[in-house]
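# Results of the structural survey
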Amino acid sequence: MGQPGSVPSADDPLRLDADEADAIAELFNIGMGEAAAGLSSMLGEEVHLSVPSFAVSTRARITSEVGDELDGEQPVCAVRGAFTGPFTGEAMLIFPERGTLALVGRLVPVDPAAEAPGEMEQDALTEIGNIILNGCLASLSNLIGGELSGAVPGYGAGAPAAVIGSGTDPVLFVRIDMALAAGDASGHALFLLDIASLDAFREAIRRALAGL
Amino acid sequence: MTSILVVDDSRLARNMVSSVIASLRPDWTIVTAASGEEGLEIVGEVPPVAAIVDYNMPGMDGLALAERLKERFVGLPIGLLTANVQDTLRRKAEALGVRFIAKPITSDKIRDFLAAAGQ
C-alpha cells in the first residue's frame, strides 16, 4: 500500500493516520479497477494497474518523481480536469508521446511515421482519459455517497513540469500506474486533492466506510 | 477447526471481509495475510475450507496466489476480489476455477461465494 514512509505521522498537521491512508488507497483501487475494466473492454486488451500509492506531496515533487520515470524532459501528453464535490482537486492521465501513439493506435489509425500526436490522436487520448478519470470519479462518488462532478477533461502536452506544475504547496497525491498488456503504452493516473478539502475528504471516507 | 484464508494488502478490505465472515460463520477461524507470500506461509499445510484473495497486490498478484493455493490444496474454493473485472482476467480466473467477488465487498457477495463453495 504505497510507501509506508510517505504516510504522514499522527503529529503531522495533515493528520492522516495509517488506516485513513489505507482506506483512501483502497477506494481509489476500486474506482480505478472499475474504470480500467471499462477501458479494457473498449480496447479489447488487458489493462494492467499498479497498487495505488498515496502521499502528501507537492506538484514540484510529483513532477520530479513522475518526470524521471517518463524520461525527464521529454514532452508528455496529458488529459486532465478539475473535479468538485465533497472534496476538490485535479485528475490527470499522463502518457509519454510514444506511449500515447501506441495507446490511441488501438482506436484510430495512426501514421507510423508520426512523432507526436496530431489532432485525431489527441481527441482519442482525451476520450480514453475521460473514460478512466470520470469512470474512477463516478465509482468514488458511489462509494462515498456524494456526487463528485468532473469538468470535461482537456488535452495538454509539454514537459512534465508544465503539465503537472511546480508549486510547492502541499497536496494529497494518489498515483496509479497503468499499462497495456503488450507493454508499449505505460502511463500514470494522478489525483491531486486540495489540502483545504482534507476534512471534507476524511468525512467522505468515514461515510464510505460506514456504508460498505 | 474450520478456517478460511483472507489475503488483501488493504487492511480495510481484510477487516471488511473478516467481519462479514465472522457474522456469517461465527465458529470459523479467519486467517488473514497482507500479501500472497505471507498467505502461503501462514496457511501452512492444513487446508482451509476456502480462500478469498485480492487481485491487485504488491508482489504476487491474486491470480498467481490462487494458482499456488490450488497446487497445494486441490479443489480449494477460491474467490478473487477485484473491481477490475476484465475479460482477460475473467478467462484466466475461469481456467483456474476461481470465482470473482466484485469489490466493493458486501455481505451478500460473501454469502453467495460461500454458498457456491458448498459452505
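Residues numbered from 1 in each chain as written. Chains lettered and ligands numbered in written order. Predicted model: local features only at pLDDT ≥ 70, side-chain atom pairs only at ≥ 80, totals over all residues.

The name an unreviewed UniProt entry assigns to chain B is Response regulator, from the organism Azospirillum palustre.

Labelled according to an unreviewed UniProt entry, chain A appears under the name Chemotaxis protein, originating from Azospirillum palustre.

## Notes on the overall build of chain B
Just so we agree on the cut-off: Numbering of helices and strands runs from the N terminus, with a helix taken as a DSSP run of H or I at least four residues long and a strand as a DSSP run of E at least two residues long. For a compact globule the rule gives 2.2 Å times the number of residues to the power 0.38, and the radius of gyration it is set against comes from C-alpha atoms. Exposure in this text rests on C-beta crowding, where 20 or more other C-beta atoms within 10 Å of a residue's own make it buried, 12 or fewer make it exposed, and counts in between make it partly exposed. The C-beta atoms are placed from the backbone. Contact criterion: two residues are in contact if their C-beta atoms, reconstructed from the backbone, are within 7 Å.
In terms of helices and strands, chain B carries five helices and five strands. Starting at the N terminus and walking to the C terminus, you meet the elements of chain B as β-α-β-α-β-α-β-α-β-α. A globule of 119 residues ought to have a C-alpha radius of gyration of about 14 Å, and chain B, at 13 Å, matches this closely. In terms of overall dimensions, chain B has a C-alpha envelope of 35 × 30 × 25 Å along the principal axes. Counting only residues that meet the buried cut, chain B has 42% of its 119 residues in that class. Sequence separation of at least 24 residues holds for 60% of the intrachain contacts in chain B that already meet a minimum separation of 6.

## Overview of the overall build of chain A
Counting its regular elements, chain A contains six helices and eight strands. Taking 17 Å as the expected radius of gyration for a compact globule of 212 residues, we find that chain A reaches 17 Å, a close match to that expectation. Counting over 212 residues, chain A shows a buried share of 46%. Look at the contacts in chain A between residues 6 or more apart in sequence, and 70% of them connect residues 24 or more apart.

## A word on the packing of helix α1 (residues 18-43) of chain A against helix α1 (residues 11-24) of chain B
Convention followed: Axes here mean lines fitted to C-alpha atoms, for a helix over just the part in contact, with angles spanning 0 to 180 degrees between N-to-C directions. In what follows, roughly perpendicular refers to angles from 65 to 115 degrees, roughly parallel to angles under 35, roughly antiparallel to angles over 145, and oblique to any angle outside these ranges. In this classification, the charged set is Asp, Glu, Lys and Arg, the nonpolar set is Ala, Val, Leu, Ile, Met, Phe, Trp, Tyr, Cys and Pro, and all remaining amino acids, among them Gly, are polar.
Two numbers describe how α1(A) lies on α1(B): the axes approach to 8 Å, and their chain directions differ by 85°. Overall, the two elements α1(A) and α1(B) adopt an arrangement that is roughly perpendicular. Contacts from A:Asp19, A:Asp22, A:Ala23 and A:Glu26 in α1(A) reach B:Arg11, B:Leu12 and B:Ala13 in α1(B). Residue classes in the contact of α1(A) with α1(B) are distributed as three nonpolar, no polar and four charged.

## Quick notes on the UniProt feature "modified residue: 4-aspartylphosphate" (unreviewed entry) in chain B
Residues and elements named next belong to chain B. In plain terms, the rule: UniProt positions are given in the numbering used here, feature names are shortened, and annotations may be inferred rather than shown by experiment.
Following the UniProt record, the feature "modified residue: 4-aspartylphosphate" (unreviewed entry) maps to Asp54 here. Take aspartate 54: it is sitting in strand β3 (residues 50-54). For aspartate 54, a count of 28 C-beta atoms within 10 Å corresponds to the buried category. Each residue touching aspartate 54, except ones within four places of it in the same chain, is listed here: Val7, Asp8, Asp9, Ala13, Gly62 and Leu81.

## Some points on the interface of chain A and chain B
Each partner contributes to the interface: chain A provides 20 residues, whereas chain B provides 19 residues. Where the side of chain A that touches chain B is concerned, the elements lending two or more residues are α1 and β1 (47-49) of chain A. The dominant element in the side of chain A that touches chain B, judged by the number of residues it contributes, is α1(A), at 13 residues. The residue makeup of the side of chain A that touches chain B, split by class, is 11 nonpolar, four polar and five charged.

## Remarks on the sheet that holds strand β2 (residues 29-33) of chain B
Residue and element names in this part refer to chain B. The line we're drawing: Two strands are said to pair when DSSP picks up at least two bridges between them.
Ordered in space as β2-β1-β3-β4-β5, the five strands form an open sheet in which the pairing is parallel. Edge positions in the sheet fall to β2 and β5 (99-102), since each has one partner strand and no second. In this sheet, neighbouring strand axes are inclined to one another by 20° on average, regardless of whether the strands run parallel or antiparallel.

## Looking at the UniProt feature "domain: Response regulatory" (unreviewed entry) in chain B
In the UniProt entry, the feature "domain: Response regulatory" (unreviewed entry) is given for residues 3-118 of chain B. Across residues 3-118 of chain B one finds 46% helix and 21% strand; the C-alpha atoms that close the span lie 14 Å apart.

## Thoughts on the packing of helix α3 (residues 97-104) of chain A against helix α4 (residues 119-144) of chain A
All names here are of chain A. In contact at an axis separation of 10 Å, α3 and α4 are set at 80° when each is read in the N-to-C sense. Taken together, α3 and α4 sit at an angle that is classed as roughly perpendicular. Along the contact surface, α3 presents Thr100, Leu101, Leu103 and Val104, while α4 presents Glu121, Ala124, Leu125 and Ile128. Partitioned by chemical class, the residues of the contact of α3 with α4 number six nonpolar, one polar and one charged.

## Some words on unusual backbone geometry
In this chain, B:Lys103 is followed by B:Pro104 through a cis amide linkage whose omega measures 0°. For B:Pro104, the position within the fold is in the loop between β5 and α5 (107-116).

## Here we look at the pairing of strand β7 (residues 170-180) of chain A
One face of the sheet, then the other: side chains in a regular strand alternate in exactly this way. Residues and elements named next belong to chain A. Across the 11 residues that make up β7, a large majority, eight, are buried. Here three bridges tie β1 to β7, and the two strands are oriented antiparallel to one another. What sits directly across from valine 47, in β7, is leucine 180. Pairing of strand β2 (residues 53-58) with β7 involves six bridges; the strand directions are antiparallel.

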